[in-house]
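Observations on the three-dimensional arrangement
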Amino acid sequence: MPLTKDNSILIVGGGTFGLSTAYHLAQAGYTKITILDKGDSIPSPLSAGNDLNKIVRAEYEDPFYAELALSAIAEWASNPLFAPHYSQVGYLLGNSAAAPEKSKRSLAKSLASIERHPAFAKQITAINSRDDVRAVAPALDGPMDGWTGYFNRLAGYARAADALRSVYVAVKEMPGVDVRLGRTVVSLNHEDGNAGLAVGVNTASGKETYTADLVILTLGASLANLLPSIGQQITAKSWLITHIQLTAEEAVQLEGIPVTYSRDLGFFFEPDRQTGLLKISPSGAGFTNRNNGISVPLEKNDFVPPGEEEAVRNILREHLPRFADRPLVNSKMCWCADTADSEYIIDFVPERKGLVVATGDSGHAFKMFPVMGGWVRDLLEKGQQDVARWRWKEGNDAAAAEVSWRVGSTRDLSEVL
Ligand code: FSA
């Protein structure tokens, strides 16, 4: 039976994929959309998008994603819902002298995806010397000796939590959208003699059941908790996100600095203009939390794994040494849903009528927030996934992911805590 705008649609998870999906469906005139989220507020503490800021850039080793990210940047720059949360400060991407060859190769490939692309004409400057860095980011006064890479002006960052909040506020006012918070989905069952699904929910005060023609699971790295059949296709991996507090004066000195990513060390953003918080995240291949083989996020994430503080201080010493000893604040582990090939999974679940997943961010999805819900809508309306790379990935083992832009190897938190 083809989908109509009056079919009931339940979105489980009000994070990045979930809110974008609700927004696109409501805009297209769907009339019965319900979002369920476990948190008592949106953005929910568990959402990876609940973060001060995220990188927005369109250079990819794969031109397919470069085009999608360009379409997202166009929305970030011009759609009044997203534009207040986007700062196009540019992206300074490179490798310190000691970076592994792998890192240098991946960067050269990303650069190739944009060098001859008309959208990037006059936007890219190669960085081959310390003076080249100074010319584009004079406020970075660390050694950065032998640092090479490029500066891309058609990029920047999104104030991620703010963007989620705005879309949430907009969506819940849209006709046909209902949001229920404090709802933990614990079961998914097919109703007897009916094509729809019955979704069992725990709340603080008891149990509820929701029924819908279509259920879309947008649970990020936590998806395997509810849908074990996704099995090895996604692996929850976490990275440290932390901040240093700058004074108002210090923050002004760094106003407008590009998002800076030394592939082998990590990345940081301009200080938040409201709070003076400067976000930093060290490089690495991520930390898993394996229980019986499959990695799922921890509930409590306000810790710094051993060695990671030193990694953050290295980033500061290299780029902004005057802050190298500042205390780290609001540290947390941010959980991504990694796939084996870093492709998203946006598809119907085989053998489960009416059940859809939109997941597998693989650490590169937030920038797509303005457009990703449109891909889910396309899937629903076509009734099948035409984009082969986003299909359900039976047999793929995300644990074997070898991601070109990451350095080091994945470790389980049980080995380090
Ligand atoms: O798409 C982007 O530019 C995000 S990169 C941020 C990052 O921390 C990765 O560097 C890391 O390897 C992991 O994938 C989480 O996201």
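Look up: the structure comes first, before these words.
Keep in mind that what you see is a predicted model, and the values were worked out from it rather than measured.

1. Details of the nonpolar core
Of all hydrophobic cores here, the largest spans 73 residues; its most connected members are Trp 76, Ile 216, Tyr 344, Ile 346, Met 368, Phe 369 and Trp 375. Among the elements that take part in this core, helix H2 (residues 63–78) stands out by supplying eight residues, more than any other. Residues within four places of Tyr 344 in sequence aside, it is in contact with Tyr 60, Tyr 65, Thr 359, Gly 360, Asp 361, His 364, Ala 365, Met 368, Trp 375, Arg 389, Trp 390 and Lys 393. Counting residues in each nonpolar core, the second largest holds 60 residues, with Val 133, Met 144, Phe 303 and Leu 355 among its members.

2. What to know about the pattern of salt bridges
Oppositely charged side chains can pair when the atoms bearing their charge come close. Overall, the coordinates contain 21 salt bridges when judged by the stated rule. A salt bridge links Asp 338 to Lys 237; the nearest nitrogen and oxygen atoms lie 2.9 Å apart. Of the two residues, Asp 338 is situated in strand S21 (residues 329–338) and Lys 237 in strand S14 (residues 235–245); the sequence distance between them amounts to 101 residues. Asp 338 sits in the buried class, given a relative accessible area of 0%. Given the relative accessible area of 3%, Lys 237 is considered buried. In the salt-bridge network here, residues are joined through shared partners; they are Asp 51, Lys 54 and Lys 279.

3. A few points about the packing of helix H1 (residues 16–27) against helix H9 (residues 369–382)
Contact geometry for H1 and H9: axes closest at 7 Å, N-to-C directions at 65 degrees. It follows that H1 is roughly perpendicular to H9 by the angle criterion. Here H1 runs over H9; the crossing is right-handed. From H1, Thr 16, Phe 17, Leu 19, Ser 20, Thr 21, His 24 and Leu 25 reach across to H9, where they touch Phe 369, Pro 370, Val 371, Met 372, Gly 373, Gly 374, Val 376, Arg 377 and Leu 380. A class-by-class count of the residues in the contact of H1 with H9 yields nine nonpolar, six polar and one charged.

4. Quick notes on the packing of H1 against helix H5 (residues 160–173)
Where H1 contacts H5, the two axes come as close as 10 Å, and the packing angle between them is 35 degrees. Along this stretch, H1 crosses H5, giving a crossing that reads as left-handed. Residues Thr 16, Leu 19, Ala 22 and Tyr 23 of H1 pack against Leu 164, Val 167, Tyr 168 and Val 171 of H5. Grouping the amino acids of the contact of H1 with H5 by side-chain chemistry returns seven nonpolar, one polar and no charged.

5. Thoughts on the pairing of S21
Within S21, seven of the ten residues are buried, which leaves it mostly tucked inside the rest of the structure. Across eight bridges, S14 lies against S21 in antiparallel orientation. Pairing of Ser 238 across the sheet is with Trp 335, part of S21.

6. Concerning H2
Over its 16 residues, H2 extends 23 Å from the first C-alpha to the last, a length consistent with the 22 Å expected when each residue adds 1.5 Å. Among the residues of H2, Tyr 65, Ala 66, Leu 68, Ala 69, Leu 70, Ala 72, Ile 73 and Trp 76 are the ones counted as buried. Of the residues flanking the start of H2, the one acting as N-cap is Asp 62, its side-chain oxygen 2.9 Å from the backbone nitrogen of Phe 64.

7. With respect to the sheet that holds strand S12 (residues 206–212)
Pairing within the open sheet is antiparallel, and its three strands lie in the order S10-S11-S12. Looking at which strands have only one partner, the edges of the open sheet turn out to be strand S10 (184–190) and S12. Neighbouring strand axes in the sheet, compared pairwise and without regard to direction, differ in orientation by 25 degrees on average. For strand S11 (residues 197–203) and S12, the ladder comprises seven bridges, and the chain directions are antiparallel. If you follow Val 201 over to S12, its bridge partner there is Glu 208.

8. Some details on the site of the ligand
Around the ligand, the structure places Ile 55, Arg 57, Trp 239, Tyr 261, Phe 267, Ser 362, Gly 363, His 364, Lys 367, Trp 405 and Arg 406. Contact distances for the ligand include 2.8 Å between an oxygen atom and a side-chain N or O atom of Arg 57. Between the ligand and Trp 405, the relevant distance is 3.2 Å, taken from an oxygen atom to a side-chain nitrogen or oxygen of the residue. Burial of the ligand by the protein chains amounts to 90% of its free accessible area of 390 Å². Split by residue class, the shell around the ligand holds five nonpolar, three polar and three charged.

9. Thoughts on the environment of Lys 38
Structurally, Lys 38 can be placed in the loop between strand S2 (32–36) and strand S3 (54–56). Between the alpha carbons of Lys 38 and Thr 184 there is a distance of 4.5 Å; along the sequence they are 146 residues apart. Each residue touching Lys 38, except ones within four places of it in the same chain, is listed here: Leu 46, Gly 182, Arg 183, Thr 184 and Glu 299. Within polar-contact distance, the side chain of Lys 38 engages the side chain of Glu 299 at 3.1 Å.

Reading the values: the criteria
Every chain is numbered independently, its residues counted from 1 as its sequence is written. Local features in this predicted model are restricted to residues of pLDDT 70 or higher, and side-chain atom pairs are both shown and tallied only at a pLDDT of 80 or more, whereas totals for entire chains, interfaces and linings draw on every residue. Water and hydrogen atoms were dropped before computing side-chain values, which therefore reflect all heavy atoms in the structure. Within this scheme, the nonpolar core is defined by two criteria: the residues are buried Ala, Val, Leu, Ile, Met, Phe, Trp, Tyr or Cys, and they are joined through side-chain atoms within 4.5 Å. In this scheme, a residue with accessible area under 20% of its type's maximum is buried, one over 50% is exposed, and one in between is partly exposed, where area comes from a 1.4 Å probe on protein chains only. Here a helix means four or more residues in a row that DSSP labels H or I, a strand means two or more in a row labelled E, and each is numbered from the N terminus. Contact between two residues is taken to exist if any of their heavy atoms lie within 4.5 Å; hydrogens are not considered. Just to be clear on terms, a salt bridge is a Lys or Arg side-chain nitrogen sitting within 4 Å of an Asp or Glu carboxyl oxygen. Simply put, an axis is a line fit to the C-alpha atoms, just over the touching stretch for a helix, and the angle between two N-to-C directions goes from 0 to 180 degrees. Note on terminology: angles under 35 degrees are roughly parallel, angles over 145 are roughly antiparallel, angles of 65 to 115 are roughly perpendicular, and the others are oblique. If you view the pair so one helix is near and one far, a crossing is left-handed when the near helix is turned anticlockwise from the far one by less than a right angle, and right-handed when it is turned clockwise. Asp, Glu, Lys and Arg are counted as charged, while Ala, Val, Leu, Ile, Met, Phe, Trp, Tyr, Cys and Pro are counted as nonpolar; the rest, among them Gly, fall into the polar class. At least two DSSP bridges between two strands are required for those strands to pair. Between the first and last residue of a helix there are one fewer steps than residues, each counted as 1.5 Å, and that sum is the expected span. Think of a polar contact as two N or O atoms within 3.5 Å of one another; within protein, one of them needs to be a possible hydrogen donor and the other a possible acceptor, and neighboring residues in sequence only count if both atoms come from side chains. A cutoff of 4 Å decides nearness: a residue is near a molecule or strand if any of its heavy atoms lies inside that distance of it. With residues, only the protein chains shown are counted as cover, and all accessible areas are computed by Shrake-Rupley using a 1.4 Å probe.

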